[in-house]
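Secondary and tertiary structure notes
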Amino acid sequence: MEQEKYFEEYPYIEDQGSWIWIIFVISLFLLLFILIGITFSLFNNTIHGEKTPLYDFVFNYSDVNGHGNGINIENANEMSDEIGKRLTGSANTFEFNVSGNTHNIMSKYIIALEENESSTIPSSDIKIYLSSVQGNIENPITQEIPICSELENIEIDGKTYKKLYTVSLPNSVSTFSQDYILRMWIREGATDFYGKTYSLKVNVLAEGIGD
């Protein structure tokens, strides 16, 4: 009876108590939503994280003659394959290295040639010889030495390349490094090369198999 009499005299006290309960319940729900949001955010970042590249490829070469990633023929004579395969020196060869990390994802890279549009010697008169290098030992990539014009054309991002060599890297290979030497000469029997030049760029194009 005394409590009822007290609230009759001071009714605002009862109203204030109701508002306190309402504010408490709303605050509880807000705190619950915040905790759920933080938990989901942490879970999402832990499971998915940031996307990791499927592969990292590095194409290294020394620009000794100022031709960049390329090789150039000028004031040269035609020669046999036996002589061409033994060419030495920075003026006659292009040495490079391909290395990287596949992150245990099956991937591949293509060694592709890009002909310089200013070349005046027909590509049908150009021989290309690629060797892999292990220490001081060279191993020819193919037994037959291809003529540049006979290489397969591939188009990537609107540019046309000549596909010279493709390397597939299985899942078991996580890191790799391979040295190469490229030689180029005018084929034996060619006649249309006097006072003319030929140059091309070497490119390494990488991709994940199935991409």
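Nothing here was measured: the structure is a model prediction, and the numbers come from that model.

Comments concerning the pattern of salt bridges
For the structure shown, the criterion picks out seven salt bridges. Put simply, Glu138 and Arg183 hold a salt bridge, and the shortest N to O gap is 2.9 Å. One end of the pair, Glu138, is in strand E7 (residues 137–140); the other, Arg183, is in strand E10 (residues 175–187), with 45 residues separating them in the sequence. Owing to a relative accessible area of 33%, Glu138 belongs among the partly exposed residues under this scheme.

Quick look at the packing of aromatic side chains
On inspection of all chains with the given rule, the structure shows nine aromatic pairs. Ring geometry for Phe59 versus Tyr61: centroids 5.2 Å apart, planes at 45 degrees, classification tilted. With relative accessibility at 23%, the residue Phe59 sits in the partly exposed group. Overall, the relative accessible area of 35% leaves Tyr61 in the partly exposed class. Arranged with centres 4.3 Å apart and planes meeting at 25 degrees, the rings of Phe193 and Tyr194 form a pair that is stacked. Assessed through its relative accessible area of 3%, Phe193 is described here as buried. For Tyr194, a relative accessible area of 63% translates into the label exposed. By the ring-pair criterion, three or more aromatic residues cluster together here, those being Phe59, Tyr61, Phe94, Phe96, Tyr165 and Tyr180.

Some thoughts on the pairing of strand E9 (residues 159–169)
Relative to E9, strand E5 (residues 107–115) runs antiparallel, the two sharing seven bridges. Its bridge partner being in E9, Ser107 is matched across the sheet by Leu169. Both strand E8 (residues 152–156) and E9 contribute to a ladder of five bridges, which runs antiparallel. Across the sheet, Glu152 pairs through a bridge with Lys163, a residue of E9. The turn linking E8 back onto E9 is made up of two residues, and Asp157 within it adopts a positive phi angle of 55 degrees.

Side note on the confidence of the model for the protein chain
Mean pLDDT over the protein chain: 78, with 70% of residues reaching 70 or higher. In this model residues 35–53 is a low-confidence stretch, pLDDT under 50, and it forms three contacts with partners more than four residues away in sequence or in other chains.

Details of the environment of Lys85
Its place among the elements puts Lys85 in the loop between helix H3 (81–84) and strand E4 (93–101). Of the residues examined, Lys85 reaches a relative accessible area of 28% and is grouped as partly exposed. Once residues within four sequence positions are removed from consideration, Lys85 is found in contact with Tyr129, Ile145, Arg183 and Trp185.

As for unusual backbone geometry
For residues besides glycine, phi is generally negative; the peptide bonds are generally trans as well. With phi around 55 degrees, Asn75 is a residue other than glycine that occupies positive phi space. Along the chain, the position of Asn75 falls in the loop between strand E2 (70–74) and strand E3 (78–79).

Structural notes on the environment of Ser131
For Ser131, the location among the structural elements is in strand E6 (residues 126–134). When the C-alpha atoms of Ser131 and Thr142 are compared, they prove to be 8.2 Å apart, with 11 residues separating the residues in sequence. The contact partners of Ser131, leaving out residues within four places of it in the chain, are Glu138, Asn139, Pro140, Ile141, Asp179, Tyr180, Ile181 and Arg183. Side chain to side chain, Ser131 and Glu138 meet in a polar contact 3.3 Å long.

Definitions and limits used
- Positions within a chain are numbered from 1, following the residues in the order the chain's sequence is written.
- Thresholds applied to this predicted model are a pLDDT of at least 70 for local features of residues and 80 or more for the giving and counting of side-chain atom pairs; totals over whole chains, interfaces and linings are not thresholded and use all residues.
- As a convention, hydrogens and water are excluded, and side-chain values are obtained from all of the structure's heavy atoms.
- By salt bridge we mean one thing: a side-chain nitrogen of Lys or Arg within 4 Å of a carboxyl oxygen of Asp or Glu.
- Helix and strand definitions here come from DSSP, where helices need a minimum of 4 consecutive H or I residues and strands a minimum of 2 consecutive E residues; each element is numbered from the N-terminal end.
- Think of it in three bands: residues with accessible area under 20% of the maximum for their type are buried, residues over 50% are exposed, and the middle band is partly exposed, with areas taken using a 1.4 Å probe on protein chains only.
- Classification of ring pairs rests on two measures: the distance between centres of Phe, Tyr or Trp rings, Trp counted by its six-membered ring, which must be within 6.5 Å, and the angle between planes, read as stacked under 30 degrees, edge-to-face over 60 and tilted in between.
- What makes two strands pair is DSSP finding at least two bridges between them.
- What pLDDT reports is the predictor's confidence in each residue, on a scale of 0 through 100.
- Should any heavy atoms of two residues lie within 4.5 Å, those residues are considered in contact.
- Polar contacts here mean pairs of N or O atoms no more than 3.5 Å apart (in protein, one a potential hydrogen donor and the other a potential acceptor; neighbouring residues in sequence count only if both atoms are side-chain atoms).

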